[in-house]
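Below, each chain spelled out in residue letters.
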Amino acid sequence: MTVQRLLLATVFCVLTSTAALAEVQATMHVAPDGNDQHPGTEAKPLATLERARDTVRTLTKGMTGDIVVVLHGGVYPIEKTLVFEAADSGKEGHNVIYKAQDGQAPILSGGKAVVGWRKGDKGIFSAPAPIADFRQLYVDGVRATRARGDVPAGLESLGDKGYSTTDVAMADWHNPSDLEFCYQTIWANSRCKVQSIARDGDRAIITMLQPYFAQTRAKEGVQLDNHSGGKIVGIENALELLDEPGEWYLDRKAKTVYYMPRPGEDMAKVQVIVPAVERLVELRGMLDKPVENIHFTGITFAYGSWLEPNRIGLSDVQANFRMDSKHPMERDGTLTAVHNEHIKTPSNIVCHTAKSIRFDRCTFTKMGAGAIDVECGSQDNTISGCHFYDISSSAVQIGDVLRDDHHPDDIRKIVKNNSVVDCYIHDCGVEYADAVGIFAGYTEGTVLAHNEITSLPYSGISMGWGWGEEDAGGGSEHYYMPYKYATPTPAKDNRIEYNHIHGVMSVLQDGGGIYTLGNMPGTVIRGNHIHDNPGNPGGIYLDEGSGFIEVTGNLVYNVNNPMNYNNRAQNRNDTCNEHDNFFNADPAEHKDVVEKAGLEKKYRDLLKSS
């Protein structure tokens, strides 16, 4: 009998009883110390999820019950993207379930260990880099800081070319093309890369990488170094800047990583991890063959990477969407994209044309991009009771803002009926400050309910896009677009309800606990508890083009403006029904709202995990 047949025979034997056949068809086990030649029993588990997935694929035809893959505790290294396709789906109304062994913590990790540390000058240690490139480094699970410094002395703008500085020593820095200039504007933050640095008398000339620097200076909305609030807040990623405990630098040419330990860190004992995989898990369906009916329960996803900023920088527009450098459109002397079709920052887990996928009680952490995308025809998916923290960009992104999102040529592409409920989201946007807790683009039937969202630099929830321009008939004449659409976008019937959103807007302005754009008929913002957000306006913000939205029963206080409208001559305020809210009210007088908002009792143990 072949190993494959023996494995299948054993899997079918791992059934608790004949009565259980109606609920569980087969169970197999996976453990980090297992072996892919094992039969997959609890005593002799498999070693990898790839092997488990491939075995499941042979069992799904004519399913009579769920197929359960039990992951024992420990780390499962992800060397390349773990892909689930239509063939991996649950069938006949049953699910394929990947779940943690009771009381154990399986971790799907895209990380690589850095070992062989040696002490050098000035308390700086060095080690061979395990991979060619990375943007994050974690020491005993704590994100370290890329070497950074203040704005160079005597810095002067040279327009689109770059800068000059009186700090002529910069001309002698190693690897100047790794250096990034970091900017903060009213509602966005960008990073521009240096191309070269050269001496010119008593100054150094800093030439910036093109066309990205010039485009970032010219992008619509908020630009660099102008009246819109753009300013350089520092520079980053040079060995010459490594002068504080907890800072690190990767010399890509020398394949060496440098780190200055924090007090109490012994480099012979600490665990140092860098992310090596940009997409950890992808559920990759097609319109004719969606991937569906797969559940993940109790699993931690960690150490994802994203390297585009290392190559070209980051030209942020809003909510961590970026300029499309290949297809810029000029409008009123600035650059944008046709119909605001900007490019989203990707996530490390992606659901693409996925249906009835569920993540329950999972943890997403140490991500170098966003955590999870739900996109392109994905429908009826649920993210529930999950914990998101230490994320470079946004925690959850549902839908997108491209042509196939606002006016799809096939209705199967519409992202609809997806839910994020009872999740604890905090400490996201830690690298890209205009990221948000949850983003939803042009979506139908999205439900964002009972989430706890806190400790973010920008908005808690951002829903909608387009500033009204993609709605039927277009929006304000203030924004010229080469053509208008006669039909509406799919954005409708969304619900943002009973969320507890606080301590957001801690860095940027022009956002809120809940922020919207565009027409969304049938959408309701209800029963949310929003407070203590310092950035303006900070509460509920119906921005440009927001229309046909009901706002009711929300408790909002300790913010600059609890209810803010901004509709530039689009006359959509009257389409929105704002009533029976409690603005600037005493929470002690509205205990029913306070008690109902945020995590439901079943999930409040998540609050103890931060």
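Residues numbered from 1 in each chain as written. Predicted model: local features only at pLDDT ≥ 70, side-chain atom pairs only at ≥ 80, totals over all residues. Heavy atoms only, no water.

**Points about the overall build of the chain**
Next, step 1: In terms of regular secondary structure, the chain is built from 6 helices and 56 strands.
Next, step 2: Taking 610 residues into account, the globule formula puts the C-alpha radius of gyration at 25 Å, and the chain, at 25 Å, falls close to it.
Next, step 3: Here the chain holds 610 residues, and the buried ones make up 60% of them.
Next, step 4: Sequence-distant contacts in the chain: of pairs separated by 6 or more residues, those separated by 24 or more amount to 76%. (Helix = DSSP H or I, 4+ residues; strand = E, 2+ residues; numbered from the N terminus. Rg over C-alpha atoms; globule rule 2.2 N^0.38 Å. Buried < 20%, exposed > 50% of the residue type's maximum accessible area, 1.4 Å probe, protein only. Contact = heavy atoms within 4.5 Å.)

**Here we look at empty space enclosed by the protein**
Next, step 1: Enumeration according to the criterion identifies 1 cavity of 30 Å³ or more in this entry.
Next, step 2: As a volume, the largest cavity reaches approximately 70 Å³.
Next, step 3: As for the largest cavity, its lining consists of Asp133, Phe134, Arg146, Asp178, Glu180, Lys193, Asn237, Trp248, Leu250, Arg252 and Asn310.
Next, step 4: Looking at side-chain class alone, the lining of the largest cavity contains 3 nonpolar, 2 polar and 6 charged residues. (1 Å grid on protein atoms, 1.4 Å probe; cavity = no way out; pocket = protein on both sides within 12 Å on 5 of 7 lines; lining within 4 Å. Points joined across faces, edges and corners; volume = space filled by probe spheres on them. Nonpolar A, V, L, I, M, F, W, Y, C, P; charged D, E, K, R; others polar.)

**What to know about the pairing of strand β38 (residues 387-391)**
Next, step 1: Across the 5 residues that make up β38, a large majority, 4, are buried.
Next, step 2: The pairing of strand β35 (residues 363-367) with β38 spans 4 bridges and is parallel. Across the sheet, the residue bridging to Phe364 is Phe388, located in β38.
Next, step 3: By the bridge criterion, 2 bridges tie β38 to strand β42 (residues 424-426) in an arrangement that is parallel. When the bridges of β42 are listed, Phe388 appears paired with Ile425. (Pairing = 2+ DSSP bridges.)

**Some words on the sheet that holds strand β9 (residues 125-128)**
Next, step 1: Strand order in the open sheet formed by 5 strands is β8-β9-β21-β20-β12, and the pairing between neighbours is mixed. Edge positions in the open sheet fall to β8 (118-119) and β12 (145-146), since each of these has one partner strand only.
Next, step 2: Where β12 and strand β20 (residues 247-251) come together, 2 bridges link them in parallel fashion. Within β20, the position partnered with Arg146 by the bridge is Trp248.

**Quick notes on the packing of aromatic side chains**
Next, step 1: Summed over all chains, the structure comprises 21 aromatic pairs.
Next, step 2: Centre to centre, the rings of Phe84 and Tyr98 are 5.3 Å apart; their planes meet at 65°, and the pair counts as edge-to-face. One end of the pair, Phe84, is in strand β4 (residues 82-84); the other, Tyr98, is in strand β5 (residues 96-100), with 14 residues separating them in the sequence. Each member of the pair, Phe84 together with Tyr98, is buried.
Next, step 3: Seen in terms of ring centroids, Tyr98 and Phe296 are 5.7 Å apart; in terms of plane orientation they differ by 20°. Their pairing is stacked. Taken together, the residues span a long stretch of sequence, with Tyr98 in strand β5 and Phe296 in strand β25 (residues 294-297) at a distance of 198 residues. Across the pair, Phe296 and Tyr98 agree in class, each one buried.
Next, step 4: Ring pairing ties together the aromatic residues Phe84, Tyr98, Phe296, Phe301, Phe359, Phe364 and Phe388, which thus form one cluster. (Phe/Tyr/Trp six-rings, centres within 6.5 Å; stacked < 30°, edge-to-face > 60°.)

**Examining the sheet that holds strand β55 (residues 577-579)**
Backbone hydrogen bonds are what pair the strands of a sheet, in a parallel or an antiparallel way.
Next, step 1: As summarised here, the arrangement of the 12 strands in space is β1-β2-β5-β25-β34-β37-β41-β45-β48-β51-β53-β55, forming an open sheet in which the pairing is parallel. Each edge of the sheet is formed by a strand with only one pairing partner; in this case those strands are β1 (24-30) and β55. Going from strand to strand, the sheet's axes swing by 10° on average, the running direction of each strand aside.
Next, step 2: Looking at chain direction, strand β53 (residues 547-552) and β55 are connected through 3 bridges and run parallel. Looking at the pairing, Thr552 lines up with His579 of β55. (Axes fitted to C-alpha atoms, helices over the stretch in contact; angles between N-to-C directions.)

**Description of the environment of Thr48**
Next, step 1: The topology assignment puts Thr48 in the loop between β1 and α2 (49-57).
Next, step 2: Note: C-alpha distance between Thr48 and Asn35 (13 residues apart in sequence) is 7.9 Å.
Next, step 3: Sequence-distant contacts of Thr48, defined by excluding residues within four places in its chain, comprise Val30 and Asp36.

**A look at the nonpolar core**
Next, step 1: Counting residues in each nonpolar core, the largest one holds 93 residues, and the members touching the most others are Phe296, Phe301, Phe359, Phe364 and Phe388.
Next, step 2: Here Phe364 is in contact with Phe301, Ile349, Phe359, Ala371, Ile372, Cys386, His387, Phe388, Tyr389 and Ile391, once residues within four sequence places are set aside.
Next, step 3: One finds Tyr163, Tyr183, Met208 and Leu224 within the second-largest nonpolar core, a separate group that totals 24 residues. (Core = buried A, V, L, I, M, F, W, Y, C linked by side-chain atoms within 4.5 Å.)

**Some remarks on the environment of Cys576**
Next, step 1: Following the sequence through the fold, Cys576 ends up in the loop between β54 (555-565) and β55.
Next, step 2: A relative accessible area of 11% places Cys576 in the buried class.
Next, step 3: On a C-alpha basis, the gap between Cys576 and Ser546 in space is 8.1 Å, while along the polypeptide they are 30 residues apart.

**A word on unusual backbone geometry**
Next, step 1: A cis geometry characterises the amide bond from Gln210 onward to Pro211, with omega recorded as 5°.
Next, step 2: Of note, the bond from Asn536 into Pro537 is cis; its omega dihedral lies within 30 degrees of zero at -10°.
Next, step 3: Within the fold, Pro537 resides in strand β52 (residues 529-542).
Next, step 4: Positive phi, close to 65°, is recorded for Asn320, a residue that is not glycine.
Next, step 5: In this fold, Asn320 is placed in the loop between β27 (316-318) and β28 (321-322).
Next, step 6: Its identity is not glycine, yet His339 carries a phi of approximately 50°, on the positive side.
Next, step 7: Structurally, His339 can be placed in the loop between β30 (334-336) and β31 (343-344).
Next, step 8: Given the relative accessible area of 0%, His339 is considered buried.

**Description of the side chain of Thr353**
Next, step 1: Inspection of the secondary structure assignment puts Thr353 in the loop between β32 (347-352) and β33 (354-355).
Next, step 2: Overall, Thr353 belongs to the buried group, its relative accessible area being 3%.
Next, step 3: At a separation of 2.8 Å, a polar atom in the side chain of Thr353 contacts the main-chain carbonyl oxygen of Cys376.
Next, step 4: Contacts of Thr353, omitting those with residues within four sequence positions, involve Gly285, Met286, Leu287, Pro290, Val291, Glu375, Cys376, Gly377 and Ser378. (Polar contact = N/O pair within 3.5 Å; in protein donor to acceptor, adjacent residues only side chain to side chain.)

**Focus: the pattern of salt bridges**
Next, step 1: Evaluated as defined, the whole model comprises 34 salt bridges.
Next, step 2: Via salt bridges that share partners, Arg135, Arg143, Arg146, Glu180, Arg191, Glu236, Asp390 and Glu431 belong to a single interconnected network. (Salt bridge = Lys/Arg side-chain N within 4 Å of Asp/Glu carboxyl O.)

**Some words on the side chain of Glu452**
Next, step 1: The residue Glu452 is located in strand β46 (residues 452-454) in this model.
Next, step 2: Arg604 is the oppositely charged side chain nearest to the buried, salt-bridge-free Glu452, at an N-O distance of 7.3 Å.
Next, step 3: Here the side chain of Glu452 touches His502 through a polar contact of 2.8 Å, side chain to side chain.
Next, step 4: The contact partners of Glu452, leaving out residues within four places of it in the chain, are Cys423, Tyr424, Ile425, His500, His502, Gly598, Leu599 and Leu607. (Lys, Arg positive; Asp, Glu negative; His and termini not counted.)

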